[in-house]
Amino acid sequence: MQVDYLDLLEEIEELTTVDGFVAACLEIKESMFFYERELMLAAYTASLELLTTVALFGAALGDGTELKKVEEQIIRCSEGLLADLAEYHLPLDIRFVADRFLQGAGLQFRMRLPVYLAMIRDYVQPSANPLTLDELLLKAHGLLSVEPEDEDGLNELLGQVGHRMLRGGHLRPIWLEVSHPRIYFVLLGLQTMMNNFRVTPYFNFPLEEIGIERQKRRNVKGKVVSDLGVVRNFRQGGSGYTELNVMLTRDAHDDFLERILSAQDYSDLEPDGTVVGVIKTILQLRLVYSGVDGEIVKPLLAYCRNWQIAELEPILQELKGVVSG
């Protein structure tokens, strides 16, 4: 399918006016059996983020010349919404909802948007960075620790994480337990978006590389699809995901980690190479980010000592004195 990103942009422009924001929230509220303000705002934000990314993807499928213009238009719309909601004199009930959005979901959307832009750019012109998704997240935490003001650098790294997720990369659930809040909220948005991609009719998820995706569109002889029903489902009580009901896919390695982090004794378990790599990354993360919960680090250290894996010895030595117990 060839997505008409111009139609998507029109929808974004409408949704990011004060009237559009209020109308969309009312639509979502009317679809609820039980009114829940945070869910309403999460659904609004999820639909806006999905529209934004699909519009960027649609622009990227062309020759690339329109992508910059689409980026600028989306930034203008999003910043305009936040400014207008903050400045307008609104009725008390709308003011209350607008303030909640500005203090929560709106701030998160502003934080995530540069990452979504970087994700699509990296998808169109992939960087030569050979790092895995886990290694990129470790590097992002290291950058945040050393240069917390380098927002551009952080967004570029997280954009590469998003690109890998677009191509089917697996975000391990443990990252939502150990990540810095600045990174956690971006990962929550990325995972929610990937879940919603799976239920959109626009493309088969995960994506193939951009050349193949462009070839697919040429093969349908220019047929353009501008159905916005999948996004409007959010506002009409249809299927879709928000960050309040994020779905995390798990594999055998995630289950292994969960078992050894439980209170039960699984000292007889032995990890394979993938699990060893993940554990090593999480322990390295503790060296650059002290906010990693000790209740996660200590069991990992205990099992590492029990397994006596040579590959892990250097990191265990580095962690001596950093983690007590």
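This one's a predicted model, so the numbers in the text were calculated from it and none came from an experiment.

Draft legend 1. Fine view of the side chain of R182. In this fold, R182 is placed in helix α10 (residues 181–197). Under the relative-accessibility criterion, R182 is labelled buried at 13%. Among the polar contacts made by the side chain of R182, one reaches the side chain of E151 at a distance of 2.6 Å. A distance of 3.3 Å separates a polar atom in the side chain of R182 from a polar atom in the side chain of N155. The residues touching R182, leaving out its near neighbours within four places in the chain, are M111, L144, E151, L154, N155 and L158.

Draft legend 2. Local environment of the packing of helix α14 (residues 273–288) against helix α15 (residues 294–307). Close contact between α14 and α15 brings their axes to 11 Å; oriented N to C, the two are set at 130°. Taken together, the axes of α14 and α15 lie oblique to each other. The handedness of the crossing between α14 and α15 comes out as left-handed. Here I279, I282, L283 and R286 of α14 lie close against α15, whose contacting residues are V297, L300, L301, C304 and W307.

Draft legend 3. Structural detail: the packing of aromatic side chains. Under the definition given, this model contains eight aromatic pairs. Seen from their ring centres, Y44 and F101 are 5.6 Å apart, and the 80° between their planes marks the pair as edge-to-face. Of the two residues, Y44 sits in helix α3 (residues 37–60) while F101 sits in helix α5 (residues 92–103), which places them 57 residues apart along the sequence. This pair shows no difference in class: Y44 is buried, exactly as F101 is. Ring geometry for Y303 against W307: centres 5.5 Å apart, planes inclined by 40°, an arrangement best described as tilted. Of this pair, Y303 and W307 both sit in helix α15, four residues apart, roughly one helical turn. Each of the two residues, Y303 as well as W307, counts as buried. An aromatic cluster of three or more residues is present, and its members are F21, Y44 and F101. Against the face of Y35 rests K29, its NZ or CZ located 4.9 Å from the ring centre.

Draft legend 4. Inspection of the environment of F205 at higher detail. Turning to its location among the elements, F205 is positioned in the loop between α10 and α11 (210–219). A relative accessible area of 18% means that F205 is categorised as buried. Sequence separation between F205 and L166 is 39 residues; the distance between their C-alpha atoms is 7.5 Å.

Draft legend 5. Highlighting the pattern of salt bridges. Summed over all chains, the structure comprises 16 salt bridges. One continuous salt-bridge network, built from bridges that share partners, spans D134, R172, D251 and D254.

Rules behind the numbers
Numbering of residues starts from 1 in each chain and follows the order in which that chain's sequence is written. pLDDT decides what is reported in this predicted model: residues at 70 or higher carry local features, side-chain atom pairs at 80 or more are listed and counted, and totals for whole chains, interfaces and linings draw on all residues regardless. With hydrogens and water excluded, all non-hydrogen atoms of the structure serve as input to the side-chain values. Counting from the N terminus, the helices are the DSSP runs of H or I reaching at least four residues and the strands are the DSSP runs of E reaching at least two. Think of it in three bands: with a 1.4 Å probe and only protein chains considered, a residue is buried below 20% of the maximum accessible area for its type, exposed above 50%, and partly exposed in between. N or O atoms closer than or at 3.5 Å make up a polar contact, with two conditions inside protein: a donor-capable atom paired with an acceptor-capable one, and, for residues adjacent in sequence, both atoms drawn from side chains. Only heavy atoms enter the contact rule, under which two residues are in contact if any of them lie within 4.5 Å. The axes are straight lines fitted to the C-alpha atoms, using for helices just the contacting stretch, and the angles between their N-to-C directions are given from 0 to 180°. Oblique is the label for any angle not covered by the other classes, which are roughly parallel (under 35 degrees), roughly antiparallel (over 145) and roughly perpendicular (65 to 115). Crossing handedness: left-handed means the near helix sits turned counterclockwise from the far one by under a right angle, and right-handed means the same turn made clockwise. Two aromatic rings from Phe, Tyr or Trp, using only the six-membered ring of Trp, form a pair when their centres are within 6.5 Å; if the ring planes differ by under 30 degrees the pair is stacked, by over 60 it is edge-to-face, and anything between is tilted. Sitting over a ring, as applied to charges here, requires NZ of Lys or CZ of Arg to be within 6 Å of the ring centre and within 35 degrees of the ring normal. Just to be clear on terms, a salt bridge is a Lys or Arg side-chain nitrogen sitting within 4 Å of an Asp or Glu carboxyl oxygen.

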